[in-house]
Amino acid sequence: MSELTLTVMRLGFLAVLWLFVIVAVQVIRSDLFGTRVTQRGSRRGADARPQQPRQNAAPPQQRQQAGGRQRRGAPTKLVVSEGTLTGTTVALQGQTITLGRAHDSTIVLDDDYASSRHARIYPDRDGQWIVEDLGSTNGTYLDRTRLTTPTPIPLGAPIRIGKTVIELRK
Amino acid sequence: MSVVTNTTTIGAIDAPSRRNTELMLLGFAVAIPVFAYINVGLALDGELPAGVLGYGLGLGLLAGVAHLVVRRFARYADPLMLPLATLLNGLGLVLIWRLDQSPRLLARSDFAPQATNQLMYSALGIALFVGVLLVMKDHRVLQRFTYISMAVSIVLLLLPLVPGLGADVFGAKIWIRVGGFSIQPGEFAKIVIAVFFSGYLMVKRDALALASRRFMGLYLPRGRDLGPILTIWAMSLLILVFENDLGTSLLFFGMFVIMLYVATERTSWIVMGLLMSAGGAVVVSSFASHVQSRVAAWLDPFGCLETAPEASNMLNACDQMTQVLMSFGAGGTLGTGWGQGNSDLIAFAANSDFIFATVGEELGLAGVMAFLLLYGLIIERGVRTALAARDPFGKLFAIGLSGAFALQVFVVAGGVMGLIPLTGMTMPFLAAGGSSVIANWALIGILIRISDTARRPAPSPAPSPDAEMTQVVRP
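As named in an unreviewed UniProt entry, chain A is FHA domain-containing protein, taken from Streptomyces kurssanovii.

Structure representation (structure tokens):
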């Protein structure tokens, strides 16, 4: 085998190996998945939907498809305002949200006072969001009252589960 | 409502299944080793190697089976892990085959060609990978085996010490011999003990993180919470003393400290872990001769080559180390090219512990960096999986597995390059050795399973029976 061929192959191999690495990194770049972190330093309310990243384009469309029954003024997200998960939000897209320490809950509470299946939040047929206590040990509180029946959630009312407080926001 | 807040919002992005990307990368990952194989044949004999078709088809078939299983049973899994592991495994096979061709090595009595065996072990590894994906539908079932896996891992680690079963190979007692096969139980124990650590830390992390006193800027845990870390420390020291295996003990202790840190977010654990491992290493190296010779070979390989007594363990260690360093040096920036280096001069364990020296010589710094990046990408995907996992057990498990993988790469690559004293561990996927490649395929299988669970979009709400449309009878 001639020296030239071998040199070309040697450099060619390194080039191909690095090409693989670069392609793999490109795949990672186009594969931002899992959680979306949005920093909000702007005034809320005045500007309900600040500039959103590119990946954000899909969810609102879906929301319209899924519901069509969402009324104006209906809450669009659930926010954890106290407890270890403070700052976590979950978009409300017509699905049932389960809360508890069980690992298959939508929001897994890391809270000693919560039961494994503590409560659920779901929309009724009119799109009104309802919170229901699932027979928890320490109870679920809406404002100051302990829940005994499924109860509609007013916008911004604190729902207290153990040390965690969540509320629905627009 | 117009309050200025600075909160962070975390919401889900719909993750598409990336299986076609994976298939494209897999094709690439099979083509590169075939290219390397042809290159070795052309450089050594001037003609296409006879086995190239069989080798290419074999690797392609294995990768294809793995891909189809992932496509069917783990649709949303990470698209990069399988191609990266396939590429490393394929290149490892080429490296081993290339060293099999060396007349210098073939002349030695303790050398036997390994490439065919390694291909078989890779097939077994892929079979285990497939098995993991088929049997384990959800990684959270492993949580039930927290304490069983502790017992299993201790048994696995102690097996090499059982008389009649354990085998002493050049000072390190980390193998067992069962019916003609030698198995390295430590490689499997690494996965099993990760199950225990994640199950245990998931339950105990609050006690470990919160019940502590502050002293000189560090959070010191209570005495009774120190129990587990002291136990693991003592266990890894015992491995070091009785099995003479620095690598495994470093791997286990390091993995535990990483997982403790991730679970509790307390820097003090890292500080304590570093102090304890440094203390342990100093004490042990002062009386274990096996470790002493490795340290001497690390500090001054060329000097100790002259001062070491004839035919001693230390002379062997220093000789290997000098050959390895010469190998890296001879490679330079771009390497000598496949099949044109002299890394076979390392002689003993050239195709297992020291296989990275062949990469360094024949592919040069550019190749070494590419290999380290491939490992880095696997680790990055593992950590990303841990970040995305929704359950604490899966998070800790994924971080433990990728941490163990990272530590192993660091310990081997660092040892071979002379950054730390050399330890008898295998470079994941590259080095000849059945246990290592099989265990690492299982590790990748588990990571793929966790990443599938993590990236799977949340299930759509169950249709409520009340919401069904009422049929209207039309006249």
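Draft legend 1. Main features of the overall build of chain B. Of regular secondary structure, chain B possesses 16 helices and six strands. Residues classed as buried in chain B amount to 55% of the 475 residues present. For chain B, restricting intrachain contacts to residue pairs at least 6 apart in sequence, the fraction spanning at least 24 positions comes to 73%. For chain B, the exposed area adds up to about 20,000 Å²; of that, 67% sits on carbon and sulfur atoms.

Draft legend 2. Looking closely at helix α13 (residues 313–331) of chain B. All names here are of chain B. Across its 19 residues, α13 extends 27 Å between first and last C-alpha, which sits within 8% of the 27 Å expected from 1.5 Å per residue. Residues of α13 that are buried sit in contact with α11 (289–299), α12 (301–307), α14 (355–388) and α15 (392–417). Positioned one or two residues after α13, G332 has a phi angle of 65°, which is positive.

Draft legend 3. The arrangement of the packing of aromatic side chains in detail. A complete count under the given rule lists 15 aromatic pairs over all chains for this structure. Here F196 of chain B and Y200 of chain B contribute two aromatic rings whose centre-to-centre distance is 5.7 Å and whose plane-to-plane angle is 35°, an arrangement assigned as tilted. Taken as a pair, F196 of chain B and Y200 of chain B lie in helix α7 (residues 185–210) at a separation of four residues, close to a single helical turn. Judged by relative accessible area, F196 of chain B falls into the buried class, the value being 7%. Aromatic rings pair up to connect F129, Y375, F405, F429 and W441 of chain B into one cluster. Sitting over the ring of Y122 of chain A, R120 of chain A keeps its end group 4.5 Å from the ring centre. The ring of F73 of chain B carries R72 of chain B above its face, with NZ or CZ at 5.1 Å from the centroid.

Draft legend 4. Summary view of the state of the cysteines. Residues and elements named next belong to chain B. Going through the model one piece at a time under the given rule, you end up with one disulfide over all chains. In this model, C304 is linked to C318 through a disulfide, with the two sulfur atoms separated by 1.7 Å. Linking C304 and C318, the disulfide has an S-S dihedral of approximately -130° and is accordingly described as left-handed. Highlighted residues: C304 in helix α12 and C318 in helix α13, separated in sequence by 14 residues.

Draft legend 5. Fine view of the packing of helix α1 (residues 19–45) of chain B against helix α3 (residues 81–100) of chain B. Residue and element names in this part refer to chain B. Viewed as axis vectors pointing N to C, α1 and α3 meet at an angle of 10°, and their least axial separation amounts to 8 Å. One finds that α1 runs roughly parallel with respect to α3. Only L82, P83, T86, L87, G90, L91, V94, W97 and R98 of α3 make contact with α1, whose side of the interface consists of E22, L25, L26, A29, V30, I32, P33, A36, Y37, V40 and G41. Class assignment for the residues of the contact of α1 with α3 results in 15 nonpolar, three polar and two charged.

Draft legend 6. Quick look at the sheet that holds strand β7 (residues 129–133) of chain A. Residue and element names in this part refer to chain A. The strand order across the open sheet formed by five strands is β5-β4-β6-β7-β10, and the pairing between neighbours is mixed. Of all strands in the sheet, those with a lone pairing partner are β5 (107–108) and β10 (151–152), marking the two edges. Pairing analysis gives three bridges linking strand β4 (residues 97–100) to strand β6 (residues 119–123), with the strands arranged antiparallel. Across the sheet, T98 pairs through a bridge with R120, a residue of β6.

Draft legend 7. Geometry of the domain arrangement of chain A. Parsing chain A into structural domains produces domain 1 (1–29) and domain 2 (75–167). Taken over C-alpha atoms, the centre of domain 1 of chain A sits 54 Å from the centre of domain 2 of chain A.

Draft legend 8. Main features of the sheet that holds strand β3 (residues 89–91) of chain A. Residue and element names in this part refer to chain A. Pairing is antiparallel in the open sheet, where six strands are placed in the order β3-β2-β12-β11-β8-β9. Both outer strands of the open sheet, β3 and β9 (145–146), are each paired with one neighbouring strand and no more. The pairing of strand β2 (residues 77–82) with β3 spans three bridges and is classified as antiparallel. Looking across to β3, one finds that V79 is bridged to T89.

Draft legend 9. Unusual backbone geometry, seen in detail. Residue D143 of chain A is not a glycine yet carries a positive backbone phi of 55°. For D143 of chain A, the location among the structural elements is in the loop between β8 (140–142) and β9. Even without being a glycine, E265 of chain B presents a positive backbone phi close to 60°. Turning to its location among the elements, E265 of chain B is positioned in the loop between α9 (246–264) and α10 (267–287).

Draft legend 10. Geometry of the packing of α14 of chain B against α15 of chain B. Residue and element names in this part refer to chain B. Where α14 meets α15, the closest approach of the two axes is 8 Å, and the angle between their N-to-C directions is 165°. The orientation of α14 relative to α15 falls into the category roughly antiparallel. Seen from above, α14 lies across α15 with left-handed handedness. Packed against α14, whose contacting residues are F356, A357, V368, L372, Y375, I378, I379, G382, V383, T385, A386 and L387, the element α15 presents K395, A398, I399, S402, F405, A406, V409, A413, V416 and M417 at the interface.

Draft legend 11. Here's a closer look at the environment of R29 of chain A. Relative to the elements of secondary structure, R29 of chain A occurs in helix α1 (residues 3–29). For R29 of chain A and L99 of chain A, which are 70 residues apart along the polypeptide, the C-alpha to C-alpha distance reads 33 Å.

Conventions adopted
Numbering of residues starts from 1 in every chain and runs along the sequence as written. In the order they appear in the text, chains get letters beginning with A and ligands get numbers beginning with 1. Local features are withheld for residues below a pLDDT of 70 in this predicted model, meaning they are given only at 70 or higher, and side-chain atom pairs are given and counted only at 80 or more; totals for whole chains, interfaces and linings count all residues. Derived side-chain values reflect all non-hydrogen atoms in the structure, with water molecules and hydrogen atoms excluded from consideration. Secondary structure elements follow DSSP: runs of H or I no shorter than four residues count as helices, runs of E no shorter than two count as strands, and numbering proceeds from the N terminus. Accessible area is worked out with a 1.4 Å probe on protein chains only. A residue is then buried under 20% of its type maximum, exposed over 50%, and partly exposed in between. We call two residues in contact when some of their heavy atoms are within 4.5 Å. All accessible-area figures derive from a Shrake-Rupley calculation using a 1.4 Å probe, and residue coverage is judged against the displayed protein chains alone. Expected span, for any helix, means 1.5 Å times one less than how many residues it has. Stacked, tilted and edge-to-face pairs are distinguished by plane angle, under 30 degrees for stacked and over 60 for edge-to-face with tilted covering the rest, among Phe, Tyr and Trp rings (Trp via its six-membered ring) whose centres lie within 6.5 Å. We count a charge as sitting over a ring when the NZ of a lysine or the CZ of an arginine lies within 6 Å of the ring centre and within 35 degrees of the ring normal. Disulfide: a pair of cysteine sulfur atoms within 2.5 Å of each other. Note on geometry: axes are lines fitted to C-alpha atoms, helical ones only across the stretch in contact, with angles between N-to-C directions running from 0 to 180 degrees. What sets the label is the angle itself: under 35 degrees gives roughly parallel, over 145 gives roughly antiparallel, 65 to 115 gives roughly perpendicular, and the rest give oblique. Lys, Arg, Asp and Glu make up the charged group, whereas Ala, Val, Leu, Ile, Met, Phe, Trp, Tyr, Cys and Pro make up the nonpolar group; the residues left over, Gly among them, are polar. Whether two strands pair comes down to DSSP finding at least two bridges between them. Each domain's limits were defined by an automated method or a database of domain assignments. Crossing handedness is read from the near helix: turned anticlockwise from the far helix by less than a right angle, it gives a left-handed crossing, and turned clockwise, a right-handed one.

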